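# What the coordinates show
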Amino acid sequence: DLLAVSTTTPTLPGDMKACELAKARNPAVLTIANGAHVTTHDAETLTAFPQLDVAIRGECEELLGELLIASDRSTVLGISYRDGDRIQRNADRPRLEDLDSLPWPARHLMNNRLYIRPDTGEPQTTIQTSRGCPARCIYCLVPTLSGFDTYLRSPASIVAEMKHCVTRFGIRNFYFRADTFTLQKSWTLELCKLIQEARLDAEWVCNSRVDTMDPDRAREMRKAGCWMVGFGVESGNQEILRHMKKGATLAQAERAIQACKDAGIKTYLFWVLGSPWETAETAQDTIDFARKLDGDFCEFHIAYPFPGTPLHDICTEEG
């Protein structure tokens, strides 16, 4: 009856192929796409791919339910859709501020054993803890999808979901998904306190900015079961970081990684090479700095100008 695909710019042709296959099997199927690409290029995507019926712009949880029962799609905020030969674009949808109001994922409908912690093979699940980030990094899609304002779930609701995963599904490993998990120190410490009090015997990972990590946070996170933190350090050259509008310094990166090491937390460091201002020298600075920080894991990425980001605008303007 329905196929919803989560899209990205690089995977769009394959995502639309799935919609094409669904339409070939059942011409009446309703095909829906969400993601940053269709949020910023909704009309273009619907025009280019006639097998797509609806593009969701932004958040989709409440919207999907409305869309399925709406007798008139023109009343559903936040969608663009095909109406005969025309593309209709409804008004934007307000952001969902109360994340506690969302139900938990229907894990009873999933084969949870497919989702494992890579180093131990134990079942692991994702828990969304917040949305939004005030940072202005020019390559990031978070502002397009979640905005600059940060909305946090209550620590109590997160721990309740953890308990449910432990007692019903035997899942004790978690990835706390957030645009910046450690952004508000008091919230982070409160969550760690409640996790410790719950005695769940659980372990978890999260992400952080280097300017939102300190010894207090690292120490309490480790006591609450955190075993690894991901940091987007991005570059080992301060001038490149300035161009990226990262809003963080090399010194902050050194202090954050050291705080994690002192607390016994592993670090997963992300780096970006090939921004418009990159030179052989600045790239070498990044390689040297990565060696100096000595993270437990590293990922090196090529700068990708995603539509909807300032980096895309810069690359377009510069030809």
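As shown above, the structure is provided for reference.
Everything in this summary refers to the structure shown in the same document. (Residues numbered from 1 in each chain as written. Predicted model: local features only at pLDDT ≥ 70, side-chain atom pairs only at ≥ 80, totals over all residues. Heavy atoms only, no water.)

Time to look at the sheet that holds strand β12 (residues 266–273). Taken together, the six strands give an open sheet; going across it, the order is β6-β9-β10-β11-β12-β13, and neighbouring strands pair in parallel fashion. At either end of the open sheet lies a strand with only one pairing partner, and these are β6 (124–128) and β13 (297–302). Here the average twist between neighbouring strands, direction ignored, is 20°. Two elements, strand β10 (residues 203–208) and strand β11 (residues 226–234), share five bridges in a ladder whose sense is parallel. Each residue of the ladder has a partner; that of Trp204, found in β11, is Cys226. Packing against the sheet, helix α11 (residues 280–293) makes contact with β11, β12 and β13, and its axis sits at approximately 180° to β12. (Pairing = 2+ DSSP bridges. Helix = DSSP H or I, 4+ residues; strand = E, 2+ residues; numbered from the N terminus. Axes fitted to C-alpha atoms, helices over the stretch in contact; angles between N-to-C directions. Contact = heavy atoms within 4.5 Å.)

Before going further, it helps to examine helix α8 (residues 215–223). All buried positions along α8 are accounted for by Arg217, Ala218 and Met221. Seen end-on, α8 carries its buried residues on one side only, within an arc spanning 95°. Seen from the buried face of α8, the exposed residues on the opposite side, beyond 90 degrees, are Pro215 and Lys223. Looking at the packing, one finds that the buried side of α8 touches α7 (185–198), β10, β11 and α10 (250–263). Capping the start of α8 is the job of one residue whose side-chain oxygen sits 3.2 Å from the backbone nitrogen of Asp216: Asp214. Positive backbone phi, at 110°, marks Gly225, one or two positions downstream of α8. (Buried < 20%, exposed > 50% of the residue type's maximum accessible area, 1.4 Å probe, protein only. Arc of directions from axis to C-beta. Polar contact = N/O pair within 3.5 Å; in protein donor to acceptor, adjacent residues only side chain to side chain.)

This part takes up the state of the cysteines. With the rule as written, the count across this model stands at zero disulfides. Sulfur of Cys137: no disulfide; nearest cysteine sulfur belongs to Cys140 and is 6.1 Å away. What makes Cys137 buried here is its relative accessible area of 10%. (Disulfide = S-S within 2.5 Å.)

What follows concerns the pairing of β13. When a strand is regular, its side chains alternate between the sheet's two faces. By the bridge criterion, six bridges tie β12 to β13 in an arrangement that is parallel. By the bridge assignment, Tyr268 is partnered in β13 with Phe297. Crossover β12 to β13 through α11 is right-handed. (Right-handed = clockwise from strand over helix to strand, strands pointing away.)

In sheet architecture, strand pairing relies on hydrogen bonds along the backbone and comes in two forms, parallel and antiparallel. Strand order in the open sheet made by the five strands is β1-β2-β3-β4-β5, with mixed pairing throughout. In the strand order of this sheet, the two ends are held by β1 (2–6) and β5 (86–89), each with one partner. Taken pair by pair, the neighbouring strands of this sheet meet at an average axis angle of 20°, ignoring direction. Sheet analysis places β1 next to strand β2 (residues 30–34), joined by five bridges and oriented parallel. Bridge pairing in β2 links Ala4 to Ile32. Here helix α1 (residues 12–25) sits on the sheet and contacts β1 and β2; the angle it forms with β1, its principal contact strand, is near 175°. On top of the sheet, helix α4 (residues 61–69) reaches β1, β2, β3 (54–56) and β4 (79–83); it is set at about 155° to β3, its chief contact.

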